[in-house]
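Listed below are the residues making up each chain.
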Amino acid sequence: MPILEVKNLTLRFGGLTAVNNLSFDIEENSIMSLIGPNGAGKTSAFNCLTGFYKGSEGDILFQGRTIFRQKPYKITKMGMARTFQNLRLFKDMTVLENVMSGMHSRTSAGVLGAVLRLPSQRQEEKKIRQVSEECLDFVGILDKKDRLARNLAYGDQRRVEWARALATHPKLILLDEPAAGLNHDEKDQLVDLIHRIRKDLGITVLLIEHDMGLVMKVSEKIVVIDYGQKIAEGTSEEVKNNPRVIEAYLGKEDEE
Ligand SMILES: Nc1ncnc2c1ncn2[C@@H]1O[C@H](COP(=O)(O)OP(=O)(O)OP(=O)(O)O)[C@@H](O)[C@H]1O
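Residues numbered from 1 in each chain as written. Predicted model: local features only at pLDDT ≥ 70, side-chain atom pairs only at ≥ 80, totals over all residues.

Where an unreviewed UniProt entry is consulted, the protein appears under the name Amino acid/amide ABC transporter ATP-binding protein 1, HAAT family, with the organism given as Desulfosporosinus acidiphilus.

Right, here's the structure in full:
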């Protein structure tokens, strides 16, 4: 059963059509990648899925319910989490505080409880801390939880972002270029992490990624877009040998 159904999604910026009549499904508990040359519309499509951009036309169903043009926090609450191409950490907060901050959209004790430090609030805070530590352990940086985010190496800062997204207990996680800036070993660890996110946590993964080695290693399905339109869809083998995909990539390289 698909966890996400994108139906004829179109996004226009004035005269420019960034996403053009795009349709695809993501099966529950699978790993899928959205790829395409620079400027193909991948991030724009991601932003529509997560509510950061409001699509112009089409529909997006998450677990059978429409999320088209919904607010980002509502979509997070429904069980979709994302990371960003550019890190968005609170650099002067600790690693643990950064992860805990991601869970506040899901708390229930309310503002009054927070101000008065009611027992219910303290209980909830304890739970948030525990889950955040579990997520930091999962991504392999629990030992760095009390360090300021700004003092972490770049690869570890990326891990904080992943932990923060995982802490919201998503059903679907969207990773926007998770391998960008990582070294060879870190990329290998990322491949392992993506597999564990699906296998151990039962979370469906959608990624945008330029690193084709990584995409080919983890994806069960790949959707390729160019100029906002889907040009191919299939397994790594199918996509790799598709003449339209080869042309889209080589054509763009020639232009550069
Ligand atoms: N906020 C915006 N306003 C106007 N045009 C935009 C906006 N965001 C993206 N675009 C345009 O939409 C098109 C698709 O851009 P997008 O960033 O989605 O591509 P991409 O596939 O994610 O590229 P990359 O791989 O380089 O990140 C581009 O032509 C881009 O210039």
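## Quick word on the site of the ligand
All residues in the neighbourhood of the ligand are listed as Phe13, Leu16, Ala18, Gly36, Asn38, Gly39, Ala40, Gly41, Lys42, Thr43 and Ser44. Elements supplying a minimum of two residues to the shell around the ligand: strand S2 (16–27) and helix H1 (42–49). Here the shell around the ligand is built from residues that sort into 4 nonpolar, 6 polar and 1 charged. (Near = placed C-beta within 6 Å. Helix = DSSP H or I, 4+ residues; strand = E, 2+ residues; numbered from the N terminus. Nonpolar A, V, L, I, M, F, W, Y, C, P; charged D, E, K, R; others polar.)

## Observations concerning H1
An α-helix turns once per 3.6 residues; consequently, residues spaced three or four apart project the same way. With 7 of 8 residues buried, H1 lies mostly within the body of the structure. Those residues of H1 that sit buried are Lys42, Ser44, Ala45, Phe46, Asn47, Cys48 and Leu49. (Buried ≥ 20, exposed ≤ 12 C-beta atoms within 10 Å, placed from the backbone.)

## Regarding the environment of Glu124
Locating Glu124 in the fold gives a position in helix H5 (residues 119–139). What makes Glu124 buried here is the crowd of 20 C-beta atoms within 10 Å. Residues Glu124 and Met80 lie 44 residues apart in sequence; the distance between their C-alpha atoms is 21 Å.

## Here we look at H5
The end-to-end C-alpha distance of H5, which contains 21 residues, comes to 31 Å, matching closely the 30 Å that a straight helix rising 1.5 Å per residue would cover. Within H5, the full set of buried residues consists of Glu124, Ile128, Ser132, Cys135, Leu136 and Val139. Across the axial projection of H5, the buried residues extend over an arc of 110 degrees, all falling on one side. In H5, the exposed residues that point more than 90 degrees away from the buried face are Pro119, Arg122, Gln123, Lys126, Lys127 and Gln130. Turning to H5, the residues buried within the fold contact helix H3 (95–102), helix H6 (154–166) and helix H7 (184–199). Of the residues flanking the end of H5, it is Gly140, one or two places downstream, whose phi is positive at about 90 degrees. (Expected span 1.5 Å × (residues − 1). Arc of directions from axis to C-beta. Contact = placed C-beta atoms within 7 Å.)

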